[in-house]
Amino acid sequence: MRSWNAFTAVEATVRAMVADPRWPGLPVPDRAQVIAARALVTPEGDRWLFGAYARWYLHDPADGRWHLSPPPRDARTRDARHPAAVLPVRVIPRGPDFAAEPGSTQAFVGPDVPAGLTDQIRRLLRAEERRSERDYPLSAFDAIFARDVPSTVAAIWGTIMWCAYAPAFDGNERLITAFGEYLRRPLPGDEWVRWLPAPPLLDLVTLVSERLRAGHSRAALRLAATMADTAQILLSDPRFRPRALALLTMVEPTLRQPHLDDRAALRDDHAVRQAWLDRLPERLGRAALVETDPETHFRHTVYDLLEALDFTTEPSRAAAAFLADLSDSRGLLPGFLDHRLRRAYEELARAGLTSTSAAETTQPEGFPTQAPLPYPWRAGPPETGAYAAVPRTGAHAVPETGAHALPSMGAHAMPETGAHALPRTGAHAVPETGAHALPGTGAHAMPETGAHALPGTGTHGAQGAQGFGVPRASEAERPVREGPRASGSGVEPPDRAAAAAVLGAAYAVGLAWGRVTGARVPERGFAGAAALVHRLIPERDDLPF
C-alpha cells in the first residue's frame, strides 16, 4: 500500500474544487484564498502551491515570485497557509485550464510512432501527392520541399511537425522517411536522430490564406481539410494529441463555413492566424501557449523536463545540465528559473559550462567533442566496438543506400499505386458531393492517370514496406538493457521510455527558448542529449552491428 503524500492529497482536493461548476463564478479573491490555504512548506522552507494549469508553483524567497516547478514527492511537508492577498492572478486556477491534457514529452526516438498511425498518414500522403503544384503552390515550407511538390504534401508535413511535442525523430522512423522523395535536401540531423524544427502556426495558415487571396477558395478548403484529416489521425498518439486537438478546433469551423476566413485573408496572414487562435476554448489554451505566450510556454517545458528527470535524486541539478546547452548571451535564462534550479545552473555558469550549444560543440552525429558536462548519464561513445562499426559522415550526410537513405530525386520520383494510392477519405475529407462538396472536376480532381499518377509498385516503391529497406522490430520485441546505476544525479533512466521522455523534454526546452530569445537551436541537437542517444540507440535491434 502506498503511503500518504501531502502533495498528492492537495492535488486531489484542489482538482475536486476546481471541477465544481461554481468555481469559475467565484470572485478572484475567494479563489485565491482557497488556493493559498492549501499551500505546503518543506523543511528547507520552500513553499508550494497547486494552481493554474493543474501544476505546482514554487515561491522564490528572494523576490516573491512563483515559478512553475514540480515538487519533491517524497519530502516531508506541513501546511503553510500563504497570505492570499499576495498571490498573483496568473497562479489561480480559472477552471477550464484544469481540463488540459498534458500529453507525452517523449521524443520519437526509442518508442516509435505506431505503425497504424504511420500507415494512415502514408495513405493520406499518397492521395494528396496527386494534386497539381500549379493549383497548390508552395507558399510555405519551400525550403524543405522540391518545387514540384504540391502544398497538400506540405500541409501534412506541417501539421505533423506543429502537433509534435518535440520533433526529434529516429533517423529511420517510417513516418519521416515517407516524405523522403519530396524533399529539397536531406533532413537535418544524422543517421541516429533527425532534430527537426517546429514550424510556427503561421506557416500552416499561409498555405490556406494564400489560396484565399488568389481566389481559389476550393483549394484553400482542400488544404484546410488535409490539415484536419492529418490532425485527426495524430490524435491516437499522446505525443501529438494536445496540439492536434487544438489544430482541429481551429480548422474545423472553416470546413463548416468555407468563407469564414476570406476577409481576414485579404488583410494578411497574421489576421488569419489570429482568427484561428481566437477559436480556441480556454481548456485548449495550454496547447497553443507556444503561439500565444512563448515565455509561459518555455516555463512549462522546463517543468516538463524536471518531471521527466524525477527518477534522479536531484532533478534540479540534472535539469541544469541540460539548460547549460542553451545559448544565453544576454543572461536572461536565470530569471526564468526557480531558486533551486537557478542555483544549480549558476554553479555550471561559474565553472564556464553554460551556453555550450552556441559554439556547435557536437560532432556531426550529435556526440560531444569537448570534455563532458556533468550530465546525469555516462558520456562519450566507445572508441571501438558497436559504434565504431558504423561509418560516420558529415552533419547532413545521407547515404545513397542503406537503412537511412533519403532519396534526393524530384518530388514524384518514386510514385506508386496500390495501398497508398487510395482516394482520400476520413472525417475531414472534402468529398465531391455532400456537405463540403467541391463541385466540378478538372484542376481539383484526383485523376487516376496523368502527370502525378506515374506507375509503381509496393507500399513505398523500390524502398520496400519499411520505407528504407530495414525491418523494424516492434516495441515489445526489443530488449531493454539496463545500464549501470550510480548515486546522486548520476542515475540512469530506468527504461527506454524514460530516456525518450527526457530527450523530448530537453529538445522542447531548446525549441521554446528559441521562440523566446531567437537563439538558434543546433541542427544536430544538444550536447546534453548525447548520453540519452547512447541510452536509446544501442537497444535498437534493427541496426547493422
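Residues numbered from 1 in each chain as written. Predicted model: local features only at pLDDT ≥ 70, side-chain atom pairs only at ≥ 80, totals over all residues. Heavy atoms only, no water.

*Asks:* Would you mind going over the overall build of the chain with me for this structure?
*Replies:* The number of helices and strands found in the chain is 16 helices and 7 strands. The burial tally for the chain puts 56% of its 545 residues in the buried class. At a minimum sequence separation of 6, the contacts of the chain that also span at least 24 residues come to 76%. Surface exposure of the chain reaches about 22,200 Å², of which carbon and sulfur atoms provide 55%. (Helix = DSSP H or I, 4+ residues; strand = E, 2+ residues; numbered from the N terminus. Buried < 20%, exposed > 50% of the residue type's maximum accessible area, 1.4 Å probe, protein only. Contact = heavy atoms within 4.5 Å. Areas by Shrake-Rupley, 256 points an atom, 1.4 Å probe, with all protein chains shown as cover.)

*Asks:* I tried to follow unusual backbone geometry on my own but got confused; where do I start?
*Replies:* Backbone geometry follows two general trends: most residues other than glycine have a negative phi, and most peptide bonds adopt the trans configuration. The phi torsion at tyrosine 53 lies on the positive side, around 60 degrees, for a residue other than glycine. Along the chain, the position of tyrosine 53 falls in the loop between β2 (47-51) and β3 (55-59). In this structure tyrosine 53 comes out as buried when scored by relative accessible area, which is 15%. With a phi close to 65 degrees, phenylalanine 141 is a non-glycine residue in the positive phi region. Mapping phenylalanine 141 onto the fold places it in the loop between α3 (115-128) and α4 (151-163).

*Asks:* Just to check I follow, could you spell out the environment of alanine 275 for this structure?
*Replies:* Along the chain, the position of alanine 275 falls in helix α10 (residues 269-278). When its relative accessible area of 22% is taken as the criterion, alanine 275 is described as partly exposed. Separated by 10 residues in the primary sequence, alanine 275 and alanine 265 place their C-alpha atoms 9.8 Å from one another.

*Asks:* How do you make sense of the packing of α4 against helix α7 (residues 217-234) when you look at a structure like this?
*Replies:* Helix-helix packing is described using two parameters, namely the angle between the two axes and the distance between the axes. Contact pair α4 / α7: the axes reach a minimum separation of 9 Å and the direction vectors enclose 40 degrees. When the axis of α4 is compared with that of α7, the two are oblique. The hand of the α4/α7 crossing is right-handed. Of the residues in α7, those in contact with Ser151, Thr152, Ala155, Ile156, Thr159, Ile160 and Cys163 of α4 are Arg222, Leu223, Thr226, Met227, Thr230, Ala231 and Leu234. By residue class, the composition of the contact of α4 with α7 is 8 nonpolar, 5 polar and 1 charged. (Axes fitted to C-alpha atoms, helices over the stretch in contact; angles between N-to-C directions. Parallel < 35°, antiparallel > 145°, perpendicular 65-115°, else oblique. Left-handed = near helix turned anticlockwise from the far one by under 90°. Nonpolar A, V, L, I, M, F, W, Y, C, P; charged D, E, K, R; others polar.)

*Asks:* What should I look at first to understand the packing of helix α13 (residues 315-323) against helix α14 (residues 339-350) in this one?
*Replies:* Running from amino to carboxyl end, α13 crosses α14 at an angle of 50 degrees, the nearest separation of the two axes being 8 Å. By the angle class used here, α13 and α14 are oblique. Where α13 crosses over α14, the handedness of that crossing is right-handed. Taken together, the residues of α14 that come into contact with α13 (itself represented by Ser316, Arg317, Ala319, Ala320, Ala321 and Leu323) are Arg340, Leu341, Ala344, Tyr345 and Leu348.

*Asks:* It is not clear to me how the pattern of salt bridges should be interpreted in this structure. Could you clarify?
*Replies:* Close approach of charged atoms allows side chains with opposite charge to pair. Overall, the coordinates contain 19 salt bridges when judged by the stated rule. One salt bridge connects arginine 211 with glutamate 210, and the closest N-O pair in it is separated by 2.8 Å. Note on arginine 211: relative accessible area 5%, which makes it buried. A salt bridge links aspartate 338 to arginine 340; the nearest nitrogen and oxygen atoms lie 4.0 Å apart. Relative accessible area serves as the criterion here: at 2%, aspartate 338 is assigned to the buried category. Through salt bridges with shared partners, a single ionic network connects Arg55, Asp304 and Glu307. (Salt bridge = Lys/Arg side-chain N within 4 Å of Asp/Glu carboxyl O.)

*Asks:* So what exactly am I meant to see when it comes to the confidence of the model for the chain here?
*Replies:* Should the pLDDT be low somewhere, the predicted coordinates at that spot are not to be read in detail. Model confidence for the chain is summarised by a mean pLDDT of 77, while 71% of its residues fall at 70 or above. Segment residues 358-489 is flagged for pLDDT under 50; beyond a separation of four residues in sequence, or across chains, it makes 309 contacts in the model. Note that residues 541-545 has pLDDT below 50 and, in this model, 14 contacts with residues that lie over four places away or in other chains. (pLDDT = per-residue confidence, 0-100.)

*Asks:* What am I meant to see in the packing of aromatic side chains here?
*Replies:* In this description, an aromatic ring pair is defined by two values, namely the gap between the centres and the angle between the planes. Counted by the stated rule, this structure contains 13 aromatic pairs. Here the aromatic rings of phenylalanine 108 and phenylalanine 169 are separated by 4.4 Å at their centres, their planes lie at 5 degrees, and the arrangement is stacked. In this pair, phenylalanine 108 is assigned in the loop between β5 (78-79) and α3 and phenylalanine 169 in strand β6 (residues 168-170), connecting sequence segments 61 residues apart. Take phenylalanine 108 and phenylalanine 169: they sit in the same class, and that class is buried. (Phe/Tyr/Trp six-rings, centres within 6.5 Å; stacked < 30°, edge-to-face > 60°.)

*Asks:* How do you make sense of the environment of alanine 36 when you look at a structure like this?
*Replies:* With respect to the helices, strands and loops of the structure, alanine 36 is situated in helix α2 (residues 28-36). Sequence-wise, alanine 36 and glycine 51 are 15 residues apart; in three dimensions their C-alpha atoms are separated by 9.3 Å.

*Asks:* Please explain α14 as it appears in this structure.
*Replies:* Side chains of residues three or four places apart in an α-helix project in the same direction, reflecting 3.6 residues per turn. Given a rise of 1.5 Å per residue, 12 residues ought to cover 16 Å, and the 16 Å separating the end C-alpha atoms of α14 matches this to within 8%. Where α14 is concerned, the buried positions are His339, Leu341, Arg342, Ala344, Tyr345 and Leu348. Tucked into the core, α14 has its buried residues touching β3, β4 (66-68), α12 (294-308) and α13. Between the side-chain oxygen of the N-cap and the backbone nitrogen of arginine 340 there are 3.0 Å, and the N-cap of α14 in question is aspartate 338. Two residues or fewer after α14 comes glycine 352, characterised by a positive phi angle close to 75 degrees. (Expected span 1.5 Å × (residues − 1). Polar contact = N/O pair within 3.5 Å; in protein donor to acceptor, adjacent residues only side chain to side chain.)

*Asks:* Got a minute to help me understand the nonpolar core in this structure?
*Replies:* Side chains that are nonpolar tend, in soluble globular proteins, to be buried together. Residues Phe145, Phe179, Phe240, Leu247 and Trp276 are the most contacted members of the largest nonpolar core, which totals 68 residues. The set of elements that each furnish at least two residues to this core consists of α3, α4, α5 (174-177), α6 (201-213), α7, α8 (241-256), α9 (262-267) and α10. In this view, phenylalanine 240 contacts Phe108, Val113, Leu117, Ile160, Cys163, Ala164, Leu175 and Leu234; residues no more than four positions away in its chain are not counted. (Core = buried A, V, L, I, M, F, W, Y, C linked by side-chain atoms within 4.5 Å.)

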